[in-house]
Amino acid sequence: MKLLDTIKNNFARGLFSKAMKISGLPSEYIAWTIKQEQWIGVAIPLPKILEFSEHFANVRLYTENNVAISDKEYNLLILRCDDLSLRNEFATICYHFIEPGEDGQNRQLLINNPEEWWNKWKSLLGNRDSEKEAYSIIGELLALEHLLKNGINAKWQGAKGGTQDIQTDKCNYEVKSTTARYGYEVTINSIYQLGKKGTDLKLIFCRFEKAAIGMDINAVIKSLVSLGYSELLLEKAMEANGLEKGCTARSKKYRIIEMKSYNVDDNFPVITELSFKDDVIPKNIIRINYTVNLSGLPCENLLETEQNL
């Protein structure tokens, strides 16, 4: 029986919560199918513990360590699909995942660099990342770090998707980040994003550049935890943004070039309900996005403030 047919057959008749060995593979390139009530997948053993987790649409590639199969423990690299109706289509991808290739070259490349394998398939299937860019998250976390270092009790809204990114008792903060080398334009995604509800509001603008040596999400999380912020809350927020532990975006490094704070007051250009006749948004307007040019607006340079702490 062809390897692809074996995978399809295992998916069809395998027992729930049981790893089923895929026949037809050389013993040194063992692989299993896994069938759960909500998902199906295939797994290959790894020679060492690895933390890796990526996903898009209904497909995930991730590691699980110390998994018991037939009274033996393995570190596994698992490819899984959460849409059972795509079982046969997914089996084709599984075939390319477990097929060792000539002299095991395919398997060795996959074990050594699962990120490269993932990116190739993700590109082939036409995925466009919908999660926030890593630098956007870093910008929000750095703003949170700045407030905590200044003794301000602040909460990041990253997991809750609040109107503004950071809340404190007296002031809320919206954070905008860019990797553009020039310009101070920021996009406001709704009339509520810069709306004030009984508290002051500030906009923090961050400019980053990619760097071989710099900060990444993991480093900033570690710093926040050292300042007393809950690691559990941070990790929940990371998962909500598609950036769980092992996600390669969390180790992408950036250098911060600028970090400026703007008071969103009566002199700051915003669009709200008050911008319209009778303070009411015209009927049938369902979305308002607009761009603000921050050039020339009064601001505080937070990088200078950090240096003086």
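Because the structure is predicted, anything quoted here is derived from the model rather than measured.

Participant: In this structure, what is going on with the packing of aromatic side chains? I would like to understand it.
Facilitator: Aromatic ring pairs are defined here through the distance separating the ring centres and the angle between the ring planes. One pass over the structure, following the stated rule, counts nine aromatic pairs. On the numbers, 6.2 Å between centres and 15 degrees between planes, the contact of phenylalanine 11 with phenylalanine 90 is stacked. In this pair, phenylalanine 11 sits in helix α1 (residues 3–13) while phenylalanine 90 sits in helix α2 (residues 87–98), placing the two residues 79 residues apart along the sequence. Centre to centre, the rings of tyrosine 135 and phenylalanine 208 are 6.5 Å apart; their planes meet at 45 degrees, and the pair counts as tilted. Here tyrosine 135 is found in helix α5 (residues 134–149), whereas its partner phenylalanine 208 is found in strand β11 (residues 200–215), with 73 residues between them in sequence. Across the pair, phenylalanine 208 and tyrosine 135 agree in class, each one buried. Of note, arginine 60 hangs over the ring of tyrosine 62, and the distance from its end group to the ring centre comes to 4.1 Å. A cation sits over an aromatic face here: arginine 207 above tyrosine 184, 4.8 Å from the ring centre.

Participant: Explain the sheet that holds strand β6 (residues 72–81) here, please?
Facilitator: Each strand in a sheet pairs with another by means of backbone hydrogen bonds, the pair being arranged parallel or else antiparallel. Taken in spatial order, the six strands line up as β1-β2-β3-β6-β5-β4 in an open sheet, and their pairing is antiparallel. Edge positions in the sheet fall to β1 (18–21) and β4 (53–56), since each has one partner strand and no second. The sheet shows a mean angle of 35 degrees between the axes of neighbouring strands, direction not considered. In terms of strand pairing, strand β3 (residues 40–46) meets β6 through seven bridges, oriented antiparallel. Within β6, the residue paired with leucine 46 across the bridge is asparagine 75. Contacting β3 and β6, helix α3 (residues 105–112) runs over the sheet at an angle of about 90 degrees to β3. The strands touched by helix α4 (residues 114–124) are β4, β5 (59–69) and β6; relative to β5, the strand with the most contacts, the crossing angle is about 145 degrees.

Participant: Would you mind going over the packing of α5 against helix α6 (residues 217–226) with me for this structure?
Facilitator: Helices that pack against each other are described as a pair by the angle of their axes relative to one another and the distance between those axes. α6 packs onto α5 with a crossing angle of 20 degrees between their chain directions and a minimal axis gap of 10 Å. Taken together, the axis directions place α5 and α6 in an arrangement best described as roughly parallel. Read as a crossing pair, α5 and α6 show a hand that is left-handed. Together, Ala134, Ile137, Ile138, Leu141, Leu142, Leu144, Glu145 and Leu148 of α5 and Ile217, Val220, Ile221, Ser223 and Leu224 of α6 make up the contact between the two elements. Grouping the amino acids of the contact of α5 with α6 by side-chain chemistry returns 11 nonpolar, one polar and one charged.

Participant: I would appreciate a short explanation of the sheet that holds strand β12 (residues 254–263) in the present structure.
Facilitator: Pairing in this open sheet of six strands is mixed, and the strands run β7-β8-β9-β11-β12-β14 from one edge to the other. The open sheet has two edge strands with one neighbour each: β7 (155–156) and β14 (300–301). Two elements, β7 and strand β8 (residues 166–167), share two bridges in a ladder whose sense is antiparallel. Opposite lysine 155, over in β8, you have glutamine 167 as the bridge partner.

Participant: Help me understand the nonpolar core in this model?
Facilitator: Inside soluble globular proteins, nonpolar side chains tend to come together where they are buried. Of all hydrophobic cores here, the largest spans 34 residues; its most connected members are Leu141, Trp156, Ile166 and Ile217. Ranked by the residues each element gives to this core, the list is headed by α5, at 10 residues. With near-sequence residues (within four places) excluded, isoleucine 166 lies in contact with Glu140, Ala143, Leu144, Leu147, Ala154, Lys155, Trp156, Asn172, Tyr173 and Val175. In terms of nonpolar packing, the next biggest core, distinct from the first, is built from 28 residues, Leu25, Ala31, Ala91 and Trp121 among them.

Participant: Where do I start with the pattern of salt bridges in this structure?
Facilitator: Should their charged atoms come close, side chains of opposite charge can pair. In total, this model carries 10 salt bridges according to the counting rule given. A salt bridge links glutamate 209 to arginine 255; the nearest nitrogen and oxygen atoms lie 2.6 Å apart. Placement of the pair is glutamate 209 in strand β11 and arginine 255 in strand β12, with a sequence separation of 46 residues. By relative accessible area, glutamate 209 is classed as partly exposed at 33%. Taking the shortest distance from any N to any O, the salt bridge between aspartate 216 and lysine 253 comes out at 3.0 Å. With a gap of 37 residues between them, aspartate 216 in the loop between β11 and α6 and lysine 253 in the loop between α7 (231–240) and β12 connect regions that are remote in the sequence.

Participant: For this particular structure, what's the right way to read α5?
Facilitator: Since one α-helical turn is 3.6 residues long, residues separated by three or four positions face the same way. End to end, α5 covers 22 Å across 16 residues, agreeing with the expected 22 Å (1.5 Å per residue, within 8%). Counted residue by residue, α5 has 15 buried out of 16 residues, so it is predominantly covered.

Participant: I tried to follow the pairing of β4 on my own but got confused; where do I start?
Facilitator: On a regular strand, each side chain points to the face opposite its neighbour's, so the side chains alternate between the two faces of the sheet. Sheet topology places β4 next to β5; four bridges connect them, and they run antiparallel. Note on β5: the bridge partner recorded for histidine 55 is arginine 60. In sequence, β4 turns back onto β5 through a hairpin of two residues, with alanine 57 there showing a positive phi of about 50 degrees.

Quick notes on the rules
- Residues numbered from 1 in each chain as written.
- Predicted model: local features only at pLDDT ≥ 70, side-chain atom pairs only at ≥ 80, totals over all residues.
- Heavy atoms only, no water.
- Phe/Tyr/Trp six-rings, centres within 6.5 Å; stacked < 30°, edge-to-face > 60°.
- Helix = DSSP H or I, 4+ residues; strand = E, 2+ residues; numbered from the N terminus.
- Buried < 20%, exposed > 50% of the residue type's maximum accessible area, 1.4 Å probe, protein only.
- Lys NZ or Arg CZ within 6 Å of the ring centre and 35° of its normal.
- Pairing = 2+ DSSP bridges.
- Axes fitted to C-alpha atoms, helices over the stretch in contact; angles between N-to-C directions.
- Contact = heavy atoms within 4.5 Å.
- Parallel < 35°, antiparallel > 145°, perpendicular 65-115°, else oblique.
- Left-handed = near helix turned anticlockwise from the far one by under 90°.
- Nonpolar A, V, L, I, M, F, W, Y, C, P; charged D, E, K, R; others polar.
- Core = buried A, V, L, I, M, F, W, Y, C linked by side-chain atoms within 4.5 Å.
- Salt bridge = Lys/Arg side-chain N within 4 Å of Asp/Glu carboxyl O.
- Expected span 1.5 Å × (residues − 1).

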